[in-house]
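# Analysis of the macromolecular model
Next come the chains, spelled out residue by residue.
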Amino acid sequence: MAVKISVSVKGPTGLDDADRMLGELKEAADLPWSVREVEEEGALGSGIVEIVIVAVVGKTVELGVSAAVDAVKQAVERWRSERLDPPDVTVATESVPDAEAGSEGPVGPQEPEGSDG
(Lines give C-alpha, C1' and ligand atoms only; values in the text may rest on other atoms or scores of the structure.)
Protein backbone atom coordinates (compact mmCIF):
# COMPACT_ATOMS: atom_id res chain seq x y z
CA MET A 1 0.00 0.00 0.00
CA ALA A 2 1.03 3.58 -0.66
CA VAL A 3 0.24 6.55 1.57
CA LYS A 4 -1.46 9.74 0.43
CA ILE A 5 -0.37 12.87 2.32
CA SER A 6 -2.90 15.71 2.17
CA VAL A 7 -2.27 19.24 3.40
CA SER A 8 -5.40 21.38 3.70
CA VAL A 9 -5.18 25.15 4.24
CA LYS A 10 -8.52 26.70 5.26
CA GLY A 11 -9.20 30.33 5.83
CA PRO A 12 -7.92 33.62 4.50
CA THR A 13 -4.87 33.22 2.30
CA GLY A 14 -2.79 35.55 0.17
CA LEU A 15 -2.57 35.31 -3.59
CA ASP A 16 0.78 33.53 -3.46
CA ASP A 17 0.19 31.36 -0.38
CA ALA A 18 -0.47 28.20 -2.40
CA ASP A 19 2.80 28.64 -4.29
CA ARG A 20 4.73 29.35 -1.10
CA MET A 21 3.26 26.33 0.69
CA LEU A 22 3.99 24.15 -2.35
CA GLY A 23 7.60 25.38 -2.37
CA GLU A 24 7.97 24.60 1.35
CA LEU A 25 6.55 21.10 0.85
CA LYS A 26 8.77 20.36 -2.16
CA GLU A 27 11.79 21.50 -0.18
CA ALA A 28 10.82 19.42 2.87
CA ALA A 29 9.82 16.26 0.99
CA ASP A 30 10.77 15.84 -2.65
CA LEU A 31 7.47 14.31 -3.72
CA PRO A 32 5.16 14.86 -6.72
CA TRP A 33 2.75 17.37 -5.15
CA SER A 34 -0.46 18.56 -6.81
CA VAL A 35 -2.51 21.60 -5.81
CA ARG A 36 -6.27 22.15 -5.90
CA GLU A 37 -7.87 25.43 -4.89
CA VAL A 38 -11.48 25.29 -3.67
CA GLU A 39 -13.40 28.46 -4.50
CA GLU A 40 -16.62 29.75 -3.02
CA GLU A 41 -19.05 31.61 -5.22
CA GLY A 42 -19.72 35.13 -4.00
CA ALA A 43 -16.72 35.24 -1.68
CA LEU A 44 -14.89 38.52 -1.34
CA GLY A 45 -11.37 38.77 -2.71
CA SER A 46 -10.05 35.80 -4.63
CA GLY A 47 -12.90 33.52 -3.53
CA ILE A 48 -10.47 30.77 -2.52
CA VAL A 49 -11.62 29.22 0.75
CA GLU A 50 -9.36 26.16 0.83
CA ILE A 51 -6.11 24.98 -0.72
CA VAL A 52 -5.53 21.22 -0.85
CA ILE A 53 -2.02 19.94 -1.66
CA VAL A 54 -1.60 16.19 -2.14
CA ALA A 55 1.25 13.73 -2.71
CA VAL A 56 1.34 9.94 -2.73
CA VAL A 57 4.31 8.13 -1.22
CA GLY A 58 4.97 4.64 -2.60
CA LYS A 59 6.82 1.84 -0.86
CA THR A 60 9.92 2.38 -2.99
CA VAL A 61 10.47 6.05 -2.12
CA GLU A 62 13.88 6.64 -0.52
CA LEU A 63 12.42 8.93 2.09
CA GLY A 64 10.37 6.77 4.47
CA VAL A 65 6.68 7.50 4.84
CA SER A 66 6.94 8.56 8.49
CA ALA A 67 9.96 10.74 7.70
CA ALA A 68 8.03 12.35 4.82
CA VAL A 69 5.04 13.06 7.06
CA ASP A 70 7.30 14.52 9.77
CA ALA A 71 9.05 16.73 7.21
CA VAL A 72 5.70 17.92 5.86
CA LYS A 73 4.45 18.77 9.36
CA GLN A 74 7.63 20.74 10.08
CA ALA A 75 7.27 22.65 6.78
CA VAL A 76 3.65 23.45 7.60
CA GLU A 77 4.58 24.78 11.05
CA ARG A 78 7.40 26.88 9.57
CA TRP A 79 5.01 28.28 6.94
CA ARG A 80 2.36 29.09 9.59
CA SER A 81 4.92 30.75 11.89
CA GLU A 82 5.69 33.31 9.17
CA ARG A 83 2.13 34.65 9.22
CA LEU A 84 0.59 37.14 11.65
CA ASP A 85 -2.81 35.45 11.40
CA PRO A 86 -2.09 31.94 10.09
CA PRO A 87 -4.95 29.98 8.52
CA ASP A 88 -5.94 26.55 9.82
CA VAL A 89 -3.79 23.82 8.31
CA THR A 90 -4.29 20.08 8.67
CA VAL A 91 -1.99 17.29 7.56
CA ALA A 92 -3.71 13.95 6.97
CA THR A 93 -2.53 10.56 5.74
CA GLU A 94 -4.52 7.82 4.06
CA SER A 95 -3.58 4.38 2.74
CA VAL A 96 -4.23 4.06 -0.98
CA PRO A 97 -3.56 1.33 -3.57
CA ASP A 98 0.01 1.21 -4.91
CA ALA A 99 -1.31 2.11 -8.38
CA GLU A 100 -1.95 5.68 -7.17
CA ALA A 101 1.76 6.03 -6.36
CA GLY A 102 2.77 5.21 -9.93
CA SER A 103 4.25 7.63 -12.41
CA GLU A 104 1.01 8.28 -14.29
CA GLY A 105 1.16 12.00 -13.49
CA PRO A 106 0.04 14.27 -10.68
CA VAL A 107 -2.30 12.99 -8.03
CA GLY A 108 -5.52 14.85 -7.41
CA PRO A 109 -8.60 15.87 -9.31
CA GLN A 110 -8.12 15.11 -12.98
CA GLU A 111 -10.31 15.77 -15.97
CA PRO A 112 -11.85 12.58 -17.39
CA GLU A 113 -10.14 11.28 -20.49
CA GLY A 114 -11.72 12.54 -23.67
CA SER A 115 -13.04 15.74 -22.09
CA ASP A 116 -12.34 19.04 -23.77
CA GLY A 117 -11.56 20.69 -20.39
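The paragraphs below set out a description of the structure included in this document.

What counts, and at which threshold
Residue numbering note: each chain is counted from 1, following its sequence as written. Reporting of local features is limited, given that this is a predicted model, to residues whose pLDDT is at least 70; pairs of side-chain atoms are given and counted only at 80 or more, and all residues count toward the totals for whole chains, interfaces and linings. Side-chain metrics in this entry use all non-hydrogen atoms of the structure; hydrogen atoms and water are not considered. Starting at the N terminus, helices and strands are each numbered in turn, a helix being any DSSP run of H or I of at least four residues and a strand any DSSP run of E of at least two. For the exposure calls, accessible area comes from a 1.4 Å probe over protein chains only, and a residue counts as buried if that area is under 20% of its type's maximum, exposed if over 50%, partly exposed in between. Contact criterion: two residues are considered in contact whenever any of their non-hydrogen atoms come within 4.5 Å of each other. Note that accessible areas follow from Shrake-Rupley with a 1.4 Å probe, and for residues the cover is restricted to the protein chains shown. What counts as a salt bridge is simple: a side-chain nitrogen of Lys or Arg found within 4 Å of a carboxyl oxygen of Asp or Glu. Expected helix span is taken as 1.5 Å per residue step, with the number of steps being one fewer than the number of residues. Arc definition: directions from the helix axis to the C-beta atoms. Within this scheme, the nonpolar core is defined by two criteria: the residues are buried Ala, Val, Leu, Ile, Met, Phe, Trp, Tyr or Cys, and they are joined through side-chain atoms within 4.5 Å. Every angle, taken between N-to-C directions, lies between 0 and 180 degrees, and every axis is a line fitted to C-alpha atoms, over only the stretch in contact when it is a helix. For any pair of crossing helices, the crossing counts as left-handed if the nearer helix is rotated counterclockwise from the farther one by less than a right angle, and right-handed if it is rotated clockwise. Under the convention adopted here, Pro, Cys and the residues Ala, Val, Leu, Ile, Met, Phe, Trp and Tyr are nonpolar, Asp, Glu, Lys and Arg are charged, and Gly plus all remaining residues are polar.

## Let's talk about the overall build of the protein chain
Looking only at helices and strands, one finds two helices and four strands in the protein chain. Ordering the α and β elements of the protein chain from the N terminus gives β-α-β-β-α-β. Expressed as a percentage of the 117 residues in the protein chain, the buried residues total 35%. Long-range pairs, those at least 24 residues apart, make up 70% of the contacts in the protein chain between residues at least 6 apart in sequence. When the accessible surface of the protein chain is totalled, it reaches about 7,400 Å², and 48% of it is carbon and sulfur.

## Observations concerning the pattern of salt bridges
A full pass over the atoms with the stated rule returns four salt bridges. Between Glu94 and Lys4 there is a salt bridge, with the nearest N and O atoms lying 3.6 Å from each other. Placement of Glu94 in strand S4 (residues 88–96) and of Lys4 in strand S1 (residues 2–10) is noted, with a sequence separation of 90 residues between them. Exposure remark for Glu94: the relative accessible area of 43% places this residue in the partly exposed category. Put simply, Asp17, Glu82 and Arg83 are held in one network by salt bridges that share partners.

## Some remarks on helix H1 (residues 17–28)
If you check H1, its first and last C-alpha atoms are 16 Å apart, about what 12 residues at 1.5 Å a residue would give, namely 16 Å. When we look at burial in H1, the residues that qualify are Asp17, Ala18, Met21, Leu22, Glu24 and Leu25. Summarising the axial view, the buried residues of H1 lie within an arc of 160°, below the 170-degree limit, and thus occupy one face. Exposed residues pointing more than 90 degrees away from the buried face of H1 are listed as Asp19 and Glu27.

## Let's talk about the environment of Ile5
Along the chain, Ile5 falls in strand S1. Separated by 88 residues in sequence, Ile5 and Thr93 place their C-alpha atoms 4.7 Å apart. Ile5 has contacts with Leu31, Trp33, Ile53, Val54, Ala55, Val57, Ala68, Val69, Val72, Val91, Ala92 and Thr93, leaving out every residue within four places of it along the chain.

## Focus: the nonpolar core
In this structure, Val7, Met21, Leu25 and Trp33 are the most contacted members of the largest nonpolar core, which totals 21 residues. Those elements that provide at least two residues to this core are S1, H1, strand S3 (48–57) and helix H2 (65–81). Top contributing element to this core by residue count: H2, with six residues. Once residues lying within four places of it in the same chain are set aside, the contact partners of Trp33 are Ile5, Val7, Leu22, Leu25, Lys26, Ile53, Val54, Ala55 and Val72.

## Considerations on the packing of H1 against H2
The geometry of H1 relative to H2 is characterised by a closest axis approach of 9 Å and an angle of 140° between their N-to-C directions. In this structure, the crossing between H1 and H2 has a hand that is right-handed. In this structure, H1 contributes Asp17, Arg20, Met21, Glu24, Leu25 and Ala28 to the contact, and H2 contributes Ala71, Val72, Ala75, Val76, Arg78 and Trp79. Each residue belonging to the contact of H1 with H2 can be placed in one class, and the counts come to eight nonpolar, no polar and four charged.

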